Amino acid sequence: MSVELIEVALPTRLVVGPTRTFPVHHTGTRLTRGLEPGEEVVVLDADGEFHSAFVVDIDFTLDDTVYVLEAGVRLPHEIARDRLDAPDSDDRDAAGVDGVIDLIGEMLRRDRADEGRGGR
């Protein structure tokens, strides 16, 4: 499955705010399909910055689907475009720059999870 791009009207400071989570309404996106829990997406914020993000929760209203995204690391433009252009997210080079970016993102998620459980 390819990585989807989601444009949000939020500035960078809100995308990467204290919780790094924010809701996105499906009807406010250009998505042609629904997202799945745990799915990776690329977010383009109002300041023109790209971020990795993951779907951490999904909620449904009578007329919309609301995804809760957790922002990961900021992505350089060329890495964001490579992720969006790749036919499958599993095709990324785990030993290259993509692998390092993914590792940093995973460390951020684990650190936030530890903080949520009262660790550190």
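Look up a bit, the structure's there.
Overview of the structure. (Residues numbered from 1 in each chain as written. Predicted model: local features only at pLDDT ≥ 70, side-chain atom pairs only at ≥ 80, totals over all residues. Heavy atoms only, no water.)

## A word on the overall build of the protein chain
Helices and strands together make up the secondary structure of the protein chain, namely three helices and five strands. In the protein chain, the succession of α and β elements from N to C terminus is β-α-β-β-β-β-α-α. Evaluated residue by residue, the protein chain yields a buried proportion of 42% over its 120 residues. When contacts within the protein chain are restricted to residue pairs at least 6 apart in sequence, those whose partners lie at least 24 apart make up 60%. Approximately 7,100 Å² of the protein chain is accessible, and the part contributed by carbon and sulfur atoms is 53%. (Helix = DSSP H or I, 4+ residues; strand = E, 2+ residues; numbered from the N terminus. Buried < 20%, exposed > 50% of the residue type's maximum accessible area, 1.4 Å probe, protein only. Contact = heavy atoms within 4.5 Å. Areas by Shrake-Rupley, 256 points an atom, 1.4 Å probe, with all protein chains shown as cover.)

## Digging into the sheet that holds strand E2 (residues 21-25)
What the five strands build is an open sheet, ordered E1-E3-E4-E5-E2; its pairing is mixed. Looking at which strands have only one partner, the edges of the open sheet turn out to be strand E1 (4-7) and E2. Averaged over neighbouring strand pairs, the angle between their axes works out to 40° when direction is ignored. Note that E1 and strand E3 (residues 40-44) share four bridges and pair parallel. Bridge pairing links Leu-5 to Val-42 in E3. (Pairing = 2+ DSSP bridges. Axes fitted to C-alpha atoms, helices over the stretch in contact; angles between N-to-C directions.)

## A word on the pairing of E2
On E2, burial follows the alternation: Phe-22 and Val-24 on one face are buried, whereas Thr-21, Pro-23 and His-25 on the facing-out side are not. By the bridge criterion, five bridges tie E2 to strand E5 (residues 65-75) in an arrangement that is antiparallel. Of the residues in E5, the one forming a bridge with Pro-23 is Val-68.

## Looking at unusual backbone geometry
The backbone of Arg-20 sits at a positive phi, close to 60°, despite the residue not being glycine. Inspection of the secondary structure assignment puts Arg-20 in the loop between helix H1 (12-15) and E2. According to the relative accessible area criterion, Arg-20 is buried, its value standing at 15%.

## Here's the deal with the nonpolar core
Within the largest apolar cluster, 15 residues are counted, with the highest numbers of intra-cluster contacts made by Ile-6, Phe-22 and Leu-69. Counting only elements with at least two residues in this core, the list comes to E2, E3, strand E4 (50-60) and E5. Once you skip the residues sitting within four places of it in the chain, Ile-6 turns out to touch Val-24, Thr-29, Leu-31, Leu-35, Val-41, Val-42, Val-43, Leu-44 and Leu-69. The next biggest cluster of nonpolar side chains, apart from the first, holds nine residues, and it includes Leu-44, Phe-50, Ile-79 and Ala-80. (Core = buried A, V, L, I, M, F, W, Y, C linked by side-chain atoms within 4.5 Å.)

## As for the environment of Val-55
For Val-55, the position within the fold is in strand E4. Sequence separation between Val-55 and Pro-37 is 18 residues, and the spatial gap between their C-alpha atoms is 5.1 Å. Excluding anything up to four places from it in sequence, Val-55 contacts Leu-35, Glu-36, Pro-37, Gly-38, Glu-39, Tyr-67, Val-68 and Leu-69.

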